[in-house]
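Read off the chains here:
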Amino acid sequence: MNYLIGDVQGCCDALERLLAEIDFSPSRDQLYLLGDLVNRGPASLATLRRLQGMEGAATCLLGNHDLHLLAVAAKTRKPHRSDTLHDILEAPDREALLAWLRQQRLAVHAHGWLMVHAGVVPQWDLAQTLSLAAEVEALLRSPALGEFLPQMYGNEPAQWRDDLQGAPRLRFIINVLTRLRFCDAQGQMDFHTKDGAAGAPAGFLPWFEVPGRRSASTPIAFGHWSTLGLINRPDLLALDTGCIWGGQLSAMRVDGQRRELIQVQCAQAQAPGA
């Protein structure tokens, strides 16, 4: 059985309870975790060790918090006051865990679903999304990552161009796949607003509501956007249901035409706005 799981963010107890709820068996089941595996929750180290130990039974996407961990570990980014990454950074198996994290994906297409952490700009179709994600995945696994990490952060370029190259190209791809919420019809992104869909800035829409989106014929599953809440449409699954804020950790079983939502209630690990 195949399960798509929303943002865990270091809430390992909730993950274990969710696995118990679905009666998870690594020989029978395949998990797809939609990014933000770590940070802000109380047990990031235990979460990474658990997922690493699943080997082929878990396919993990990288979210903005996971990339933040790599930048902090490389000392190219300072920790935030709300970070809970110290247990990983001080762990004896730190380097093995970071090496494992660098092998994970930014986009996956399986069982009829394109899976990303955040979203897809309207100019990209399925094939281009996977191809561009693969460019970043290759960088993450290469010795060139250390040189790029200081250039990873920033909101520019704000719009896709096919002729983008180097760090601006890679930064844009990462911003789309791990940070996107709102964009306009031309694909220009807004990174300031974190409200739900009704809070779209003037001239912007939730990325999945932009008319003419080239990925519209591809069902897409994503996390990242806890203020959006659960969306369960034939063509769209939003599965970040605010575990660290005291919401739920959600899994959606997708087997052929069957769909089943499984959720566990989570203890509040961070106050909203922290």
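Our structure is the block above this text.
Structure report, in brief. Please read these numbers as outputs of a predicted model, since none were measured by experiment. (Residues numbered from 1 in each chain as written. Predicted model: local features only at pLDDT ≥ 70, side-chain atom pairs only at ≥ 80, totals over all residues. Heavy atoms only, no water.)

**A short note on helix 6 (residues 126-140)**
Quick reminder: α-helices carry 3.6 residues per turn. Residues three or four places apart thus point the same way. How we decide: Here a helix means four or more residues in a row that DSSP labels H or I, a strand means two or more in a row labelled E, and each is numbered from the N terminus. Here the expected length of a helix is defined as 1.5 Å per residue gap, with one fewer gap than residues. We call a residue buried when its accessible area falls under 20% of the maximum for its residue type, exposed when it is over 50%, and partly exposed in between, using a 1.4 Å probe and counting protein chains only. Note on contacts: a residue pair is in contact if any heavy atoms of the two residues lie within 4.5 Å.
In this model, helix 6 (15 residues) spans 21 Å end to end at C-alpha, consistent with the 21 Å of a helix rising 1.5 Å per residue. Within helix 6, burial applies to Gln128, Thr129, Leu132, Ala133, Val136, Glu137, Leu139 and Leu140. For helix 6, the elements touching its buried residues are helix 3 (64-73), strand 4 (107-110), strand 5 (113-116), helix 7 (145-148) and helix 8 (166-179).

**A closer look at the packing of aromatic side chains**
Spelled out, the test is: What counts as a ring pair is set by centres within 6.5 Å for rings of Phe, Tyr and Trp (its six-membered ring), and what kind of pair is set by the plane angle: stacked under 30 degrees, edge-to-face over 60, tilted for all other angles. Either the NZ atom of lysine or the CZ atom of arginine qualifies as a charge over a ring when it sits within 6 Å of the ring centre and within 35 degrees of the ring normal.
Applying the stated criterion to the full structure yields eight aromatic pairs. Ring centres of Trp124 and Trp160 lie 5.5 Å apart, and the angle between their planes is 90°; this geometry places the pair in the edge-to-face category. In this pair, Trp124 is assigned in the loop between strand 5 and helix 6 and Trp160 in the loop between helix 7 and helix 8, connecting sequence segments 36 residues apart. The pair Trp124 / Trp160 is uniform in exposure class, with both members buried. Relative to Phe222, the ring of Trp207 lies with its centre 5.1 Å away and its plane at 70°, an arrangement referred to as edge-to-face. Of the two residues, Trp207 sits in the loop between strand 8 (205-206) and strand 9 (220-222) while Phe222 sits in strand 9, which places them 15 residues apart along the sequence. Take Trp207 and Phe222: they sit in the same class, and that class is buried. Above the face of the Phe191 ring, Arg179 is positioned so that its terminal group lies 4.1 Å from the ring centre.

**With respect to the environment of Ala14**
Among the secondary structure elements, Ala14 is positioned in helix 1 (residues 12-21). Not counting the four nearest positions on each side in its chain, Ala14 is found in contact with Cys243, Leu249, Val264 and Cys266.

**What to know about the nonpolar core**
One recurring pattern in soluble globular proteins: nonpolar side chains tend to sit buried together. Note the threshold: Note on terminology: a nonpolar core comprises buried Ala, Val, Leu, Ile, Met, Phe, Trp, Tyr and Cys residues joined through side-chain atoms within 4.5 Å.
Core analysis: the biggest nonpolar cluster contains 83 residues, and Leu31, Trp124, Trp207 and Leu249 have the highest contact counts within it. If you tally residues by element for this core, the top one is helix 8, at seven residues. In this view, Trp207 contacts Ala118, Gly119, Val120, Leu180, Arg181, Phe182, Cys183, Arg213, Ile220, Phe222, Trp225 and Leu236; residues no more than four positions away in its chain are not counted. Core analysis: the second largest hydrophobic core is formed by 13 residues, Ala110, Trp113, Met115 and Leu239 among them.

**Let's talk about the sheet that holds strand 7 (residues 189-190)**
Here is the rule: A pair of strands is labelled paired if DSSP reports no fewer than 2 bridges between them.
Taking strand neighbours across the sheet as the criterion, the three strands line up as 7-6-8 in an open arrangement whose pairing is antiparallel. The open sheet is flanked by strand 7 and strand 8, the only strands paired with a single partner. Here strand 6 (residues 182-183) pairs with strand 8 via two bridges, running antiparallel. Bridging from a neighbouring strand, Phe182 pairs with Pro206 of strand 8.

**Here we look at helix 1**
Threshold: Working definition: the arc comes from the directions between the helix axis and the C-beta atoms, pointing outward to the latter.
Those residues of helix 1 that fall on the buried side of the exposure criterion are Cys12, Ala14, Leu15, Leu18 and Leu19. Down the axis of helix 1, the sector holding all buried residues measures 155°, keeping them to one side. Counted as exposed and oriented over 90 degrees from the buried face of helix 1: Asp13, Ala20 and Glu21. Against the buried residues of helix 1 lie strand 1 (2-5), strand 2 (30-33), helix 2 (44-54), strand 12 (248-255) and strand 13 (258-265).

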